[in-house]
Structures are given as structure tokens and as C-alpha cells.
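Residue-level structural notes
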Amino acid sequence: MERPMQKLNDLSRSLTALEPNGTLIAVIEMSLSSWLVAGIVPGVERQPLKKLAVDESALLKLLHRWREEAEKAGRRIERIAVAFEAGRDGFWLARWLKARGLEAYVIHASSVAVSREHRRAKTDRLDTELLKRSFLGWLRGERDHCKMVEIPTMQDEDAKRPNREHDSLIGERSRIVNRMKAALVRLGIRGFNPKLKRATTRLDGLHTPEGEPIPPNALAELRRDMERRRLVNNQIRQIEEERLERIEQAPCDGAHVMVRLLARVMGVGIETADMLVHEVLSRNMRDRRAVARYAGLTGSPDESGRKRREKGLARSGNARVRRGMIQLAWRFLLHQKNSALTKWFRSRTENARGTRKPMIVALARKLLIALWRLMREGIVPDGVVLRPAQ
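What you see is a predicted model, and the numbers here were worked out from it, not measured in a lab.

The rules behind these values
Residues numbered from 1 in each chain as written. Predicted model: local features only at pLDDT ≥ 70, side-chain atom pairs only at ≥ 80, totals over all residues. Heavy atoms only, no water. Helix = DSSP H or I, 4+ residues; strand = E, 2+ residues; numbered from the N terminus. Contact = heavy atoms within 4.5 Å. Buried < 20%, exposed > 50% of the residue type's maximum accessible area, 1.4 Å probe, protein only. Arc of directions from axis to C-beta. Polar contact = N/O pair within 3.5 Å; in protein donor to acceptor, adjacent residues only side chain to side chain. Pairing = 2+ DSSP bridges. Axes fitted to C-alpha atoms, helices over the stretch in contact; angles between N-to-C directions.

Re the environment of Asn338
By secondary structure assignment, the location of Asn338 is in the loop between α10 (319-335) and α11 (340-349). Apart from the residues within four sequence positions on either side, Asn338 is in contact with Lys343 and Gly383.

Okay, here's the thing in C-alpha cells:
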């Protein structure tokens with residue numbers, strides 16, 4: 001089923017006119033142990049502040065009570081708007097509130113302006129005041145007053161889990177291998193590869209430079225690490241096999257069609273294609289600038305008066321997409337040597353020393369935009385070779 005297209009700029013400002021006398025506004029400062037709820041209630045001069053346990057039913061009851069207070073003051077509440085910052089709690093509360101007829105928004109935490117004074121006071125009460133000010137400006141339609149995060153469906157969130165778990169397991173496997181190598185180096189043993197299939201059986205034959213076998217405690221630790229690595233390898237393989245099965249069982253599913261098309265580009269594997277589709281390419285981005293900004297591949301200029309300098313990557317976007325695209329850009333140079341993007345990169349780096357690393361970021365940005373256009377408009381980048389369709 002196709003998802004409805006979002007209106008442009010609907011995350012940077014509200015497109016619905018605000019009626020102050022008919023809108024109940026609430027913000028929530030969330031923590032693991034409690035919620036601090038602050039409200040703006042029409043007809044009530046005081047701005048209520050209530051601390052709750054982590055209980056969505058109590059929150060709903062509180063909002064209904066505030067609505068009754070506004071109606072007693074002669075205000076008819078037509079709209080209840082609730083907002084909170086993006087954090088560990090994720091999006092479940094926003095979905096829960098929306099299912100009960102309330103407007104729920106998730107504020108991008110870095111878009112809330114804070115005081116720049118040294119050692120500024122910071123409490124939950126003060127944070128709710130900042131949230132109220134930001135949310136109220138957004139509801140009034142002030143562009144870029146603060147930014148909202150798109151609230152994904154449960155299915156969209158769940159679709160990201162295999163790739164993120166795969167990425168976590170890859171990192172865990174590397175940490176296990178590095179730990180085993182470090183344990184062996186401490187004993188003076190070099191040249192042993194713990195990733196080989198027969199590494200476990202070869203442990204007993206290893207000796208230190210003094211001619212002694214590996215001490216028993218260190219040997220037991222190495223065996224446990226090898227067992228952990230075997231388990232992690234099996235889990236990684238299971239995730240990869242299940243992904244292929246899902247694509248084969250539902251090849252016409254929207255996300256699967258995008259993954260299959262992206263995987264046809266030489267140099268792009270199924271893992272990278274799956275990550276890019278679910279993390280960025282399936283999102284309804286406004287334009288190419290929004291795509292690059294979401295990936296954190298844009299610059300952060302520092303300009304004041306005559307001063308002009310570039311502080312490097314903003315790194316405010318999706319770190320997974322940024323890392324994946326920079327790695328993909330290096331692979332792209334090897335597998336797509338005749339593409340226009342590769343020729344553009346070569347022409348700017350072949351006679352200039354020290355430019356390859358900065359320019360690979362520019363190539364990653366251009367490549368991401370080109371892949372976004374491939375998914376959105378079906379335009380194959382100039383010179384890019386595609387694998388035959390299966």
C-alpha cells in the first residue's frame with residue numbers, strides 16, 4: 001500500500017493555522033523514571049506543570065482534565081497538540097496519542113535553541129519552558145523555529161532492525177577478534193589468525209617465545225572468545241539469509257523493489273542497498289539538499305565579517321548513512337571507473353596532493369543524490385554500469 005505523500009516543509013513549520021482559544025498545547029520532558037508535563041490551557045491564566053510516573057493513561061487523563069478546565073472557563077477545545085523531544089523512548093507514545101485522536105509531534109532535540117551562557121541553569125522545569133516556546137513558534141507557522149522528526153510506523157521501524165542488528169554484530173565480531181589478538185600479543189605470540197576455521201584446534205600447539213604453552217586461564221579465555229565469535233558469525237549469517245528470503249517471498253514489495261534495483265548498481269551489495277533504502281531512500285525527502293543534510297554530508301561554515309573557514313562535516317544527520325556512503329564512494333571508484341562521477345573525482349584529485357579524503361566526501365554526497373534520483377525518477381547516473389535484472 002502506498003504511503004500518502006507528505007506536504008513540503010511540513011516538518012519545519014506547521015501548515016495548520018493556530019487558533020489559540022481553541023487549542024490545548026502540552027509538552028513533555030521525558031526521563032526513564034518520570035514525565036514532566038507542561039501545558040498552555042486556553043482560559044486559564046496559570047500555565048500548569050505536572051509530574052507524572054511513566055504512564056500513558058495518566059497522561060491522557062491529565063490532558064482531558066485540562067480540557068475540562070478550559071471548557072469551564074468558556075473555551076471550546078477543538079485541538080490538543082502534544083510534543084516531546086526525540087530520545088530513548090522513541091515514537092511509540094506519539095503513535096499511541098495519535099490513535100486516540102490527539103496531535104502528537106516529536107521535536108528534533110538539536111533544533112531547540114538554548115542559552116549560550118557558561119554554566120547555564122538546566123532543570124526539567126526550564127527545559128519544558130524551552131520546549132513550550134519552540135513548539136508554540138512552530139504551531140504559529142514560523143519557518144525553522146524548530147524541526148519535527150517524521151514519526152515512522154511500527155512496520156517502518158521494524159524494517160530497520162535487521163540492518164542495524166547486522167551492523168552491531170559486525171562491530172561485536174571485530175571487538176572479539178581484536179581482544180583475542182591483544183591477548184596473544186601480550187604473551188609474545190604473533191602471526192596467529194584467530195579467524196581461521198581451524199584456529200581452535202591450533203591453540204594447544206601455540207607456545208610463547210620462552211617455549212611455554214599458553215597459560216590455562218588465558219587459553220580458556222581465548223576458547224570462550226572463539227565460541228562467542230562463532231555464535232556471532234552464525235547470527236550474522238542468519239540475518240543475511242532471512243533478508244534474502246523476505247526479498248524472494250515478496251519481490252514486488254515497495255522497499256524490496258528499491259533494494260533490488262539499487263543492488264543492480266555495480267559496487268553496491270545487498271547489505272548496503274538494504275541500509276540505504278530503509279534509512280534514507282524510502283523517506284519522502286524534499287530535495288537533494290535535504291538528502292545530503294540528512295546523511296550529514298554537508299559542510300559547517302564559520303563566517304563572520306572577513307572570517308571565512310569551513311569546520312568540516314556537520315555530522316548532524318544519520319551516522320549509518322554517512323559511514324556507509326563514504327565506504328561506498330571508495331568502492332564506487334573501483335567498480336565504476338567509466339562513470340561521470342568517477343571521472344569528476346579523478347579530474348580534481350590527480351594533480352592535487354592531499355585532496356582525496358576531502359573529495360571522497362563530496363563524491364559520497366553526489367553519489368547519494370544520484371542514487372536518490374535513481375530511486376525517485378528512474379534516472380541512471382551517467383556511465384554507471386548495472387547488473388542484469390534477475
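Details of helix α7 (residues 254-263)
Residues of α7 that are buried include every one of Ala255, His256, Met258, Val259, Leu262 and Ala263, and no others. Along the long axis of α7, the arc covered by the buried residues comes to 160°, so they all point the same way. Those residues of α7 that are buried are in contact with α6 (216-249), α8 (270-281) and α12 (356-377). One side-chain oxygen at the N-terminal end of α7 lies 3.2 Å from the backbone nitrogen of Ala255; it belongs to Asp253.

Some details on the pairing of strand β7 (residues 299-304)
In the sheet, β7 pairs with strand β8 (residues 307-313) via five bridges, with the strands oriented antiparallel. Within β8, the residue paired with Gly299 across the bridge is Leu313. Counting the residues that bridge the hairpin from β7 to β8 gives two residues, and of these Gly305 lies at a positive phi of roughly 65°.

Quick word on the sheet that holds strand β1 (residues 23-30)
Taking strand neighbours across the sheet as the criterion, the six strands line up as β3-β2-β1-β4-β5-β6 in an open arrangement whose pairing is mixed. Both outer strands of the open sheet, β3 (49-53) and β6 (148-149), are each paired with one neighbouring strand and no more. Judged from the five bridges that link them, strand β4 (residues 79-85) and strand β5 (residues 103-107) form a sheet pairing that is parallel. Pairing of Phe84 across the sheet is with Val106, part of β5. Across the face of the sheet, helix α1 (residues 56-72) comes into contact with β1, β2 (34-40), β3 and β4 while running at roughly 15° to β2. Relative to the sheet, helix α3 (residues 124-139) contacts β1, β2, β3, β4, β5 and β6, its axis offset from that of β1 by approximately 140°.

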